[in-house]
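# Coordinates in review
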Amino acid sequence: FVLPTLGGVFIISSLIGVLSNVVQSKMEDLRKGRSLVLEQNHSVILGWSPQVFTVISELVAANANQRDPCVVILGERDKVAMEAEIRDAVGKTGRTRVVCRSGSPIVLGDLDLVGLDTARAIIVLSPPGDDPDSSAIKTVLAITNRPGRKAEPHHIVAEIADPRNLEAARLVGREEVEIVLTGDLISRIIAQTCRQSGLSVVYQELLDFGGDEIYFKEEPALVGKTFGEAVLGFEDSAVMGLCSAAGPRLNPPMDTVLKPGDQLIAVSADDDTIRLGGPGAAA
């Protein structure tokens, strides 16, 4: 009986050792930020720059009326260090969960960690350095050409600093990417603000998620009606334009007829406050 007993002890000890190593390896992956993110309808931020804290703060404000929102960040930093910096710079994030993963946005294996195919939006930040656009364009290229990616287009927003790189970014991103030319945009806002005192307050009110913001909303009940009727169809929101297949237009002719798929451009307190209720909503 001694030998079988010793054999059983040896086998059990081996199993415990194997299980312990597996658990320890998984815990190490979690600490390093190398585990898969299993989220749905989340926002993904690719890259780490000083702008990441502002982006997170705005997403937290935007998600205040959402259920179990999540923001996932992939950066070439230590996971614990990223979480500490976000905690210090952003503070409490309310109901929004912030998940950090360590990796490079231009490495396909690292992109697979953050659940791009189930994300509602992907934000590509330009890293600090002499050639930030190169990294942003490579990241967009990696996203759009990932093997086994979903067939539906992604919603990608990419930050580009140099106008000379604009066409290259659009070429690799095709219809899936929206380019924000940060330097040019800020210069235009500065030029307009210096000519009109107080305009910066208007931009601040409309472009952040505090107070009222600009939203795009499709309203099937208004299909076949004119833009003038749509303007009168909302009591708690101000309709300012129309986004059709041809692109967005502010203040189009009042006799413009809304077609299926057209979206209204409205200023409202939140995306769920754009509700029909004015005289233009009547049949």
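Residues numbered from 1 in each chain as written. Predicted model: local features only at pLDDT ≥ 70, side-chain atom pairs only at ≥ 80, totals over all residues. Heavy atoms only, no water.

### Looking at the side chain of Ser237
Going by this rule: Helix and strand definitions here come from DSSP, where helices need a minimum of 4 consecutive H or I residues and strands a minimum of 2 consecutive E residues; each element is numbered from the N-terminal end. Definition of a polar contact: a pair of N or O atoms within 3.5 Å, with one able to donate and the other able to accept a hydrogen when the atoms are protein atoms, and with sequence-neighbouring residues admitted only if both atoms are side-chain atoms.
Take Ser237: it is sitting in the loop between α9 (227–231) and β8 (238–244). Within the structure, Ser237 has its side chain in polar contact with the side chain of Ser268 (distance 2.9 Å). Polar contacts involving the side chain of Ser237 include one to the main-chain carbonyl oxygen of Thr273, which spans 3.4 Å.

### Quick notes on the pairing of strand β10 (residues 263–268)
Here is the rule we go by: Relative accessible area decides the class of each residue, using a 1.4 Å probe on protein chains only: under 20% of the type maximum gives buried, over 50% gives exposed, and in between gives partly exposed. Pairing between strands requires that DSSP locate at least two bridges from one strand to the other.
β10 sits mainly inside the fold: five of its six residues count as buried. Judged from the six bridges that link them, strand β7 (residues 213–218) and β10 form a sheet pairing that is antiparallel. Pairing of Ile214 across the sheet is with Val267, part of β10. Here five bridges tie β8 to β10, and the two strands are oriented antiparallel to one another. Bridge assignment links Val239 to a residue of β10, and that residue is Ala266.

### Here's the deal with the packing of aromatic side chains
Where we set the bar: Ring pairs are drawn from Phe, Tyr and Trp, using the six-membered ring of Trp, whenever the two centres fall within 6.5 Å, and their geometry is named by plane angle: stacked under 30 degrees, edge-to-face over 60, tilted for the rest.
Throughout the structure, instances matching the rule amount to one aromatic pair. Judged by centre distance (5.6 Å) and plane angle (90 degrees), the rings of Trp48 and Phe53 are edge-to-face. One exposure class covers both Trp48 and Phe53, and it is buried.

### Remarks on the packing of helix α7 (residues 182–195) against helix α8 (residues 199–207)
The line we're drawing: Where helices are involved, their axes are fitted lines through C-alpha atoms of the stretch in contact, as for all axes, and angles between N-to-C directions lie from 0 to 180°. Any angle that is under 35 degrees is reported as roughly parallel, and any over 145 degrees as roughly antiparallel; angles of 65 to 115 degrees are reported as roughly perpendicular and all others as oblique. The contact criterion used is simple: two residues touch if any of their non-hydrogen atoms lie within 4.5 Å. Three residue categories are used. Nonpolar comprises Ala, Val, Leu, Ile, Met, Phe, Trp, Tyr, Cys and Pro, charged comprises Asp, Glu, Lys and Arg, and polar comprises the others, including Gly.
Where α7 meets α8, the axes come as close as 8 Å, and the angle between the chain directions of the two elements is 135 degrees. It follows that α7 is oblique to α8 by the angle criterion. Residues Ile189, Gln192 and Thr193 of α7 form the contact with α8, whose participating residues are Leu199, Ser200, Tyr203 and Leu207. By residue class, the composition of the contact of α7 with α8 is four nonpolar, three polar and no charged.

### So, the environment of Asp255
Note on placement: Asp255 falls in the loop between β9 (247–250) and β10. Classification of Asp255 as exposed rests on a relative accessible area of 59%. Residues Asp255 and Asp131, 124 residues apart in the sequence, show an inter-C-alpha distance of 48 Å.

### Notes on the nonpolar core
Filter applied, for reference: Among the buried residues, those of types Ala, Val, Leu, Ile, Met, Phe, Trp, Tyr and Cys that are joined through side-chain atoms within 4.5 Å form a nonpolar core.
The biggest cluster of nonpolar side chains holds 25 residues, and the ones touching the most others in it are Val44, Leu46, Ile122, Val124 and Ile143. For this core, the secondary structure elements donating two or more residues are β1 (43–46), β2 (70–75), β4 (121–124), α5 (132–144), β5 (156–160), α6 (166–173) and β6 (177–181). Among the elements that take part in this core, α5 stands out by supplying five residues, more than any other. Apart from residues lying up to four places away in sequence, Ile122 is in contact with Val44, Leu46, Leu116, Ile143, His154, His155, Ile156 and Val157. Counting residues in hydrophobic clusters, the runner-up holds 16 residues, among them Val52, Ile56, Leu59 and Leu125.

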